[in-house]
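What follows is each chain in one-letter form.
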Amino acid sequence: MFEIKQREIIKVPDRVKRALKEILGEQNCLDDSMNRLLYSYDATRIKMLPELVAIPENQEQVQKVVQICYEEDVPVTPRGAGSGYTGGALPVKGGVVVSFEKMDRTLRDGTKTMQLQGFSRGLSHTDFRKLLKRLDCFILQTQPATNTAQLEEMLLRTQE
Ligand SMILES: Cc1cc2nc3c(=O)[nH]c(=O)nc-3n(C[C@H](O)[C@H](O)[C@H](O)COP(=O)(O)OP(=O)(O)OC[C@H]3O[C@@H](n4cnc5c(N)ncnc54)[C@H](O)[C@@H]3O)c2cc1C
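Residues numbered from 1 in each chain as written. Predicted model: local features only at pLDDT ≥ 70, side-chain atom pairs only at ≥ 80, totals over all residues.

Chemist: Explain the sheet that holds strand β3 (residues 76-79) to me, please; I cannot follow it from the model alone.
Modeler: Each strand in a sheet pairs with its neighbour through backbone hydrogen bonds, running either in the same direction (parallel) or in the opposite one (antiparallel). Judged by pairing direction, the sheet is mixed, and its 4 strands sit side by side in the order β1-β2-β4-β3 without closing on themselves. Two strands lie at the open edges of the sheet, namely β1 (29-30) and β3, each paired on one side alone. Across 2 bridges, β1 lies against strand β2 (residues 52-54) in antiparallel orientation. When the sheet's bridge partners are listed, C29 is paired in β2 with A54. Seen against the sheet, helix α1 (residues 14-24) touches β1 and β2 and runs at an angle of roughly 25° to β2. In this fold helix α3 (residues 59-71) packs onto β2, β3 and β4 (96-99), with an angle of close to 170° to the strand it touches most, β4. (Pairing = 2+ DSSP bridges. Helix = DSSP H or I, 4+ residues; strand = E, 2+ residues; numbered from the N terminus. Contact = placed C-beta atoms within 7 Å. Axes fitted to C-alpha atoms, helices over the stretch in contact; angles between N-to-C directions.)

Below is the structure:
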């Protein structure tokens, strides 16, 4: 058994917290200890605490959050459903975890020509498959064992 610890934790300055709350609203910007704990692990069960959890609802908010964090040298860790086994969703250096849980608006119905757009990347595999079924389509990609796993992570793996 090996031990991996969070190192060199980078704090989120108050001015950045204020700016993120302005963009996302207080309800989508969590920095209390309970929520930091809830977003501190994935399927590896290794725990790494974020300083703040940002939950954008659209692509524009994602861009603004990333821009501010980039300018302020605050590390950003994207998170889908946190079911990955490689620790990719763990905030190794603290900073901001960006959770895509609210970016799950379904793709436009009524067309079989489907383009995955930024706002749908947080859609879960289960909802995606239901949508495909309604459109009389299917997907050849193997289904991850966890139904909450999100599309973005699948897309990243497909591009590898
Ligand atoms: C019981 C169990 C069984 C599993 N079985 C399988 C299996 O059979 N096949 C398989 O392939 N996997 C399997 N997995 C692993 C896991 O379910 C998949 O890797 C899944 O696709 C992870 O999706 P997630 O949304 O939870 O991603 P997360 O774990 O949240 O993130 C994974 C990586 O993607 C990045 N990421 C997430 N969202 C975004 C985004 N919007 N933009 C940029 N980067 C992003 C994260 O930073 C991280 O690096 C299993 C996991 C469990 C717990």
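Chemist: Just checking my understanding: could you explain the nonpolar core for this structure?
Modeler: A general feature of soluble globular proteins is that nonpolar side chains tend to end up buried together. One finds L20, L52, V53, A54 and V96 to be the most contacted residues of the largest nonpolar core, which totals 18 residues. The set of elements that each furnish at least two residues to this core consists of α1, β1, β2, α3 and β4. When neighbours within four sequence positions are excluded, V53 is seen to be in contact with L30, N35, R36, Y39, V97 and S99. (Core = buried A, V, L, I, M, F, W, Y, C linked by C-beta atoms within 7 Å. Buried ≥ 20, exposed ≤ 12 C-beta atoms within 10 Å, placed from the backbone.)

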